[in-house]
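Each chain, letter by letter, is given below.
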Amino acid sequence: MQQDIPETVLTLLTSLPNPAYIKNSCWDVLTWNAPAQELFSDFARLDLPERNLLRLVFTSPDMRQIMLDWEGDAHRTVAKFRLDYARAKDDPSFEAVVTDLLSQSLEFRLMWERQDVMAIGEGLKTIRHPAYGPQTYRHAALTIEGSNDLRLIVYLPIDIKSSGGFES
């Protein structure tokens, strides 16, 4: 998998005032900006295999704590990951993530067995911000030009009262 991130994209990432990170198609967080570190985690303290978003959702107590709708978000995460998993066609890195989680998490196993698939793109997520409490964000996944493997994920805070409800 390509892991080279263009310098201009790195500059853009660090200049964004909102939480953002770059992940590969196997959902490994490769780099992030300061607002993402404040909101989610200090990804730098984790080795790359541990920085996998699917693994973090099911194995990190910190991630479970900040996700206010953990079950709904976890289900959508599995369904979105499944799309990339199907595109990967038996890629060993995908197989390793799934195999590990099947053995580590009953919740993952039950969600994986449902075989739900969801398109990757936009959505809403309510996250417990460490400084501001619960915040709802609209997030978008943007493909990085010249790379089928890399996506820039950006979280934009929204006013909960004006959102008209929580849609995913």
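Now for a quick tour of the structure.

Section: the overall build of the protein
Then step 1. When its secondary structure is counted, the protein shows seven helices and five strands.
Then step 2. Ordered by position from N to C terminus, the α and β elements of the protein give α-β-β-α-α-α-α-α-α-β-β-β.
Then step 3. Taking 2.2 N^0.38 as the reference for a compact globule, 168 residues should give roughly 15 Å; the C-alpha atoms of the protein span a radius of gyration of 15 Å, in line with that estimate.
Then step 4. Here the protein holds 168 residues, and 49% of them are scored as buried.
Then step 5. If you take every contact in the protein between residues at least 6 apart in sequence, the share linking residues at least 24 apart comes to 52%.
Then step 6. For the protein, the accessible area works out to roughly 8,900 Å², and carbon and sulfur atoms hold 51% of it.

A word on helix H5 (residues 70-88)
Then step 1. Relative to the 27 Å expected for 19 residues at 1.5 Å per residue, H5 spans 26 Å between its end C-alpha atoms, a close match to the ideal helical length.
Then step 2. Across the 19 residues that make up H5, a large majority, 14, are buried.
Then step 3. Positive phi appears at Lys-89, one or two residues downstream of H5, with a value of about 50°.

Things to note about the packing of H5 against helix H7 (residues 106-113)
The packing of two helices is summarised by the inter-axis angle and the distance between the axes.
Then step 1. Where H5 contacts H7, the axes come no closer than 10 Å and their chain directions differ by 55°. Between H5 and H7, the crossing angle belongs to the class labelled oblique. Here H5 and H7 pass one another in a crossing that is right-handed. For the pair formed by H5 and H7, the contact residues are Trp-70, Glu-71, Ala-74, His-75, Val-78, Phe-81, Arg-82 and Tyr-85 on the first element and Glu-107, Phe-108, Met-111 and Trp-112 on the second.
Then step 2. Along the lines of polarity and charge, the residues of the contact of H5 with H7 split into eight nonpolar, one polar and three charged.

Rules used throughout
Residues numbered from 1 in each chain as written. Predicted model: local features only at pLDDT ≥ 70, side-chain atom pairs only at ≥ 80, totals over all residues. Heavy atoms only, no water. Helix = DSSP H or I, 4+ residues; strand = E, 2+ residues; numbered from the N terminus. Rg over C-alpha atoms; globule rule 2.2 N^0.38 Å. Buried < 20%, exposed > 50% of the residue type's maximum accessible area, 1.4 Å probe, protein only. Contact = heavy atoms within 4.5 Å. Areas by Shrake-Rupley, 256 points an atom, 1.4 Å probe, with all protein chains shown as cover. Expected span 1.5 Å × (residues − 1). Axes fitted to C-alpha atoms, helices over the stretch in contact; angles between N-to-C directions. Parallel < 35°, antiparallel > 145°, perpendicular 65-115°, else oblique. Left-handed = near helix turned anticlockwise from the far one by under 90°. Nonpolar A, V, L, I, M, F, W, Y, C, P; charged D, E, K, R; others polar.

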